[in-house]
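Here are the chains, one letter per residue:
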Amino acid sequence: MSRMERVNQQIKREIGNMIQYGEINDPRLTFVTITYVECSKDLQHARVGFSVLSNNHKEIQSVQEGLSSARGFVRKLIGQRVRLRYTPEIVFIHDNSLAYSSAID
């Protein structure tokens, strides 16, 4: 496993734990799953994919707004917990692959 994959997995685990254990106190963030993290090669930017249990567009938009508003707090905690020279800028992106795969089934 390369260093980049380890960093991606560690950031994914930390953000998932923040949501699961209620460190981010936002009622909009219920039933959210972090599906992937892709950091740039210079570790300055990170794309974080999330999925929501519901397929309702309004709920997905609400979760997107909640994650975007907590972006600075998440970046601060990532900086404290993950040993990196630079803490990446985080962008949350809705990942609809789980909904797509369930629709195929």
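Remember, predicted model here, so these are calculated numbers, not experimental data. (Residues numbered from 1 in each chain as written. Predicted model: local features only at pLDDT ≥ 70, side-chain atom pairs only at ≥ 80, totals over all residues. Heavy atoms only, no water.)

Visitor: Could you give me a rundown of the sheet that holds strand E2 (residues 45-52), with the residues and numbers involved?
Guide: Hydrogen bonds along the backbone pair up the strands of a sheet, which may run parallel or antiparallel. The sheet built from three strands is open, its strands ordered E1-E2-E3 with mixed pairing. At either margin of the open sheet sits one strand with a lone partner, and together these are strand E1 (32-39) and strand E3 (89-94). If you compare each strand with its neighbour and ignore which way they point, the axes differ by 25° on average. Bridge count for E1 against E2 is seven bridges, and the pairing is antiparallel. Within E2, the residue paired with Glu 38 across the bridge is Arg 47. Sheet strands in contact with helix H1 (residues 3-20) are E1, E2 and E3, and its direction is about 155° off that of E1. (Pairing = 2+ DSSP bridges. Helix = DSSP H or I, 4+ residues; strand = E, 2+ residues; numbered from the N terminus. Axes fitted to C-alpha atoms, helices over the stretch in contact; angles between N-to-C directions. Contact = heavy atoms within 4.5 Å.)

Visitor: With reference to specific residues and values, describe H1.
Guide: For H1, with 18 residues, the first-to-last C-alpha span of 26 Å sits near the 26 Å given by 1.5 Å per residue. For H1, the full list of buried residues reads Val 7, Asn 8, Ile 11, Glu 14, Ile 15, Met 18 and Ile 19. For H1, the arc enclosing every buried residue in end-on projection is 135°, short of the 170-degree limit, so these residues lie on one face. Among the structural elements, E1, E2, helix H2 (57-69), helix H3 (71-81) and E3 are those in contact with the buried residues of H1. At the exit of H1 stands Gly 22, carrying a positive phi of roughly 75°. (Expected span 1.5 Å × (residues − 1). Buried < 20%, exposed > 50% of the residue type's maximum accessible area, 1.4 Å probe, protein only. Arc of directions from axis to C-beta.)

Visitor: Residues and numbers for the pattern of salt bridges, please.
Guide: Applying the stated rule across the entire model yields four salt bridges. Among the salt bridges present, the one from Glu 23 reaches Arg 81, with a minimum N-O distance of 2.3 Å. On the criterion of sequence distance, the pair formed by Glu 23 in the loop between H1 and E1 and Arg 81 in helix H3 is long-range, its members being 58 residues apart. Of the residues examined, Arg 81 reaches a relative accessible area of 31% and is grouped as partly exposed. Here Asp 26 and Arg 28 are joined by a salt bridge, their closest N and O atoms 2.9 Å apart. You can call Asp 26 buried: its relative accessible area is 15%. Each of Glu 14, Glu 23 and Arg 81 takes part in one network of salt bridges that share partners. (Salt bridge = Lys/Arg side-chain N within 4 Å of Asp/Glu carboxyl O.)

Visitor: Let's hear about the nonpolar core: which residues, and what values?
Guide: Within the largest apolar cluster, 27 residues are counted, with the highest numbers of intra-cluster contacts made by Ile 11, Ile 15, Phe 50, Val 74, Ile 78 and Phe 92. Mapped by element, the contributors of at least two residues to this core are H1, E1, E2, H2, H3 and E3. By residue number, the principal contributor to this core is H1, which donates five residues. Residue contacts for Ile 11: discarding those within four places in its chain leaves Val 37, Cys 39, Ile 78, Val 82 and Pro 88. (Core = buried A, V, L, I, M, F, W, Y, C linked by side-chain atoms within 4.5 Å.)

On their own, these measurements won't tell you what the molecule is for.
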